[in-house]
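Remarks on the overall topology
Each chain, written out:
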Amino acid sequence: MADFGIGVPDEIARLSLDQDDYPPPPPPPPRLADAQAKGVIPVDITEKFAEAVKTLAPGELVKDGFFTLFESVAALEIMDPKMDSGCVESEEDLEELYDVSRPLLPEEVLGIIDQLLCHEMAWHMGYPLSQTLFTSVYVESLLMPAPKNLSQADFIRDRQDDLSQESMLVILRAYCLGMLKACGYVNERIRSEHFYEEEDFVTNTYSRNLLTNIPTESIRETIVEAQKLVSSLSEQLRDDIAKALDLRLQLRYYFLNATECLDHINEPDLARKPWKEAVALLPDIKASHELGKPVDEAFSAKLQRKLASTMPPRPIVQMGFEDAFSNLLRLFKDGAGLVDVLNYTNSQCLQTFVCTFQAKKPQPLVFVRTLLQTFLFNEMEFLGSMSIRQIMDDDFSIVAMPASSRLDRANDEIEVVSDPRFVMSQQMELFRQRAAQPFLDVLRTFCQNRCRVRRTLCHIIRDWENLQVDAEEIDQIIQARTNERPVMQPSPVDGSPMETYSLPLSSWTYLYKLRLMEWIVQLGFELEVYQPDEFAGMYWYLNYLAKWRVQHTERIKTFIIRRVEESRHPSRAPDPAVDRQLDRSLAFIRLSLLDAAVTWELSDALSCLYTVLARLNLVKTPPRPYANDELRYELRMRPFAPIGLPVLPTFENFTTGTAQPDVSTPDILEYAERALAGAIRGFKTFSSNFTAEDAFSVGSHERWSTSMKNGLKSCFATGIAIIAVQKALQQSLKTGELKIKAEVPTPDKCYHNWWVVPKITPVQ
């Protein structure tokens, strides 16, 4: 038998291998023994190496082909205190020597509790537990080794009786138990909902158990016993110290109850109670902070070495008490306000609540946002008791199908295939199945942070575009089987009368799609996506979208009015339930028309104003050596490129509409004034004539009303800017100089985040 391991002829080797395609094998590594052999002369290459390095350009890298990235990083980490978690100056630095059994003064316990509160809020703000709560020696002693029951959850395991009576440690232990249990609830709630760890929150517990095996009721009893202990020590403690300790124990008790508010999802008042009770405590807690004495040695970054983490120790996050307290107050106030979402009125009020609640500045913390998601979507039920079909049918009846036979539940009982009601039932259920996910995604998206809201909206409008195709198909099937009577309307081309059908599902879908597209543009201003020199163009595009929404809402209004006329015809008996639905739908159409109109007018005015500022070189275009206007236009319009309707304007139309080259500067400003006057009238109507029911803002009317008032203030500011530019132009005709400058503020310094109004100031 031939031996294929050796003796292969060169001809066979040349046939089997192409040396141009295969690199030569690496040279064998030198043997250590050879360095000791005679005839080997070591040479110092330091100077030659230094000279060779000088020939390299800055940033140029020389890398051996067999030196991998893993080896490179390992070489950097080893013995580098910033990278190597095992690198310490001495073995004594490995362990934290703080004694958790040492007696504490009441002031020290108060100080440690407030320090823990600061770390807890830093965790809520997005910092990891490894840099916050897990740097506490007391927390480490409670959690390691993992306690199996309440008695094991103690600073000193298997302690002797003479140590069990240390009163201050008992109080501190009760606070820590309540804190860790609440943190466990928060962590699990956030992990169970949609969130973004790299942006919002760090759920990693580093193999630590946040007391999940210990019943909450046992911890509540421990807190109550600690409160009784504080009361029994009234003779030994100063009154203000005793009250301060008791307030903090109460805070932990209420916080535990608040984290379990989901158990009372069908009892809003009971769910809101612990949040409001906690808010009432906070002023006194803040006032007593100065009584505490911080114990910095009770917190150590060395404890991070014991955590199951691939990261080296990092500095402890130091959040000031003022910042921590303001965040804590915001957490409880937002939690109390969040419970109002459970008081369901209708689907549009629900959407207004979610949008205005999440638009608060500063935005609610991630725990509150995920709690809102749970209220909305827990176990595939809305607000704990409503089905998705109920919510969607309610929205259909408001927007495009008031008192429609398509939504009649009796249709589900029809089994005759030829009956139009059977077709309506089958096709409507098919549409609900296709529309449910995009519809729910809108609500879920607004529960995220503001940057993620805009990013996600850019994706889900494609789902709405696809849904519109399905909606048109289903509308046509139902229309053919029900012999719907069309409405005669003038053609947009030549004005001749043409038959128009209601297409309610398509109309409902298209209206939502338009609103989503407007939100994307408006959030671009809020999040500072656009540069000031782009404001004229983006406000022009917002104006373009608002015009489409006005036209489409007018179309929906036509068919709703026809439905009202049919229902209230003298030959028909009055039906109060039907009348209520029709009135509600008419109110929504009025709201939608006015909202689209003020968006149209104000965006038009701001676009004109920024166009004039660009002409006068008051808003300058920064240098962009690697871009041009057309590429930037494609970038801004990329989210809308897949949308068939409304049609995406061409770059030429966009440029012409924005720059208005054929219109003089004074004429542009006059037109902006007229547009602004319409916006002011609309916002004034919102502020004075719209109740919570009219605005579909029941439960959130104060926030909605504030937004409308801020929009009105933006109108006034825009008017002032336009007048200032007009006066400066008139004076420049006499002096030959334009003595003004324009300052474009950031959205947080504007009256409204979506309306960025330039500030015009004179220049001497």
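Residues numbered from 1 in each chain as written. Predicted model: local features only at pLDDT ≥ 70, side-chain atom pairs only at ≥ 80, totals over all residues. Heavy atoms only, no water.

Where we set the bar: UniProt positions are given in the numbering used here, feature names are shortened, and annotations may be inferred rather than shown by experiment.
The protein chain is annotated in an unreviewed UniProt entry as N-alpha-acetyltransferase, non-catalitic subunit of Neonectria punicea. The UniProt entry for the protein chain carries the following text under Sequence similarities (unreviewed entry): "Belongs to the MAK10 family." Of the comments in the UniProt record for the protein chain, the one headed Subcellular location (unreviewed entry) reads "Cytoplasm".

1. Things to note about the overall build of the protein chain
What counts is decided by this rule: Helix and strand labels come from DSSP, where a helix needs a run of H or I of at least four residues and a strand needs a run of E of at least two; each type is numbered from the N terminus. The buried label goes to any residue with under 20% of its type's maximum accessible area, the exposed label to any with over 50%, and the partly exposed label to all in between, with areas taken from a 1.4 Å probe on protein chains only. Two residues form a contact once any of their heavy atoms are found within 4.5 Å. Here, Shrake-Rupley sampling with a 1.4 Å probe gives the accessible areas, and only protein chains in the shown set may cover a residue.
Assigned secondary structure in the protein chain consists of 23 helices and four strands. For the protein chain, buried positions account for 49% of its 764 residues. The long-range share in the protein chain, meaning contacts at least 24 apart out of those at least 6 apart in sequence, stands at 77%. In the form shown here, the protein chain has an accessible surface area of approximately 39,500 Å², with 54% of it arising from carbon and sulfur atoms.

2. Comments concerning empty space enclosed by the protein
Where we set the bar: Only protein atoms enter the 1 Å grid used here. Points where a 1.4 Å probe fits but cannot escape make up a cavity, open sets with protein on both sides within 12 Å along at least five of seven lines make up a pocket, and a residue lines them when an atom lies within 4 Å of a point. Grid points are joined across faces, edges and corners, and a volume is the space filled by probe spheres set on the points. Three classes are used, and their members are as follows: Ala, Val, Leu, Ile, Met, Phe, Trp, Tyr, Cys and Pro are nonpolar, Asp, Glu, Lys and Arg are charged, and the others, Gly among them, are polar.
Within this structure, the stated rule accounts for two cavities of 30 Å³ or more. Taken as a whole, the largest cavity spans an internal volume of roughly 60 Å³. Taken together, Asp 340, Val 341, Asn 343, Tyr 344, Thr 345, Asn 346, Cys 349, Leu 350, Phe 353 and Val 698 form the lining of the largest cavity. Broken down by class, the residue content of the lining of the largest cavity amounts to six nonpolar, three polar and one charged. Of the pockets and cavities examined, the second largest cavity occupies roughly 40 Å³.

3. Things to note about the pattern of salt bridges
Put simply, the test is: Salt-bridge detection follows one rule: a side-chain nitrogen of Lys or Arg within 4 Å of a carboxyl oxygen of Asp or Glu.
Using the criterion set out here, one finds 42 salt bridges in the structure. The shortest N-O distance in the salt bridge between Arg 220 and Glu 217 comes to 3.1 Å. Of this pair, Arg 220 and Glu 217 are both found in helix H8 (residues 216-232), three residues apart, which corresponds to roughly one turn of the helix. Using a relative accessible area of 43% as the deciding quantity, one classes Glu 217 as partly exposed. For Arg 624, the salt bridge identified is with Asp 533, shortest N-O distance 2.9 Å. Placement of the pair is Arg 624 in the loop between helix H19 (576-615) and helix H20 (629-637) and Asp 533 in the loop between helix H17 (504-526) and helix H18 (535-567), with a sequence separation of 91 residues. Taken together, the shared-partner salt bridges connect Arg 389, Asp 393, Asp 412, Glu 429 and Arg 432 into one network.

4. Considerations on the environment of Leu 616
Inspection of the secondary structure puts Leu 616 in the loop between H19 and H20. C-alpha of Leu 616 to C-alpha of Leu 729: the two residues are 113 residues apart in sequence and 9.6 Å apart in space. Those residues in contact with Leu 616 that lie beyond four places of it in its chain are Val 725, Leu 729 and Leu 738.

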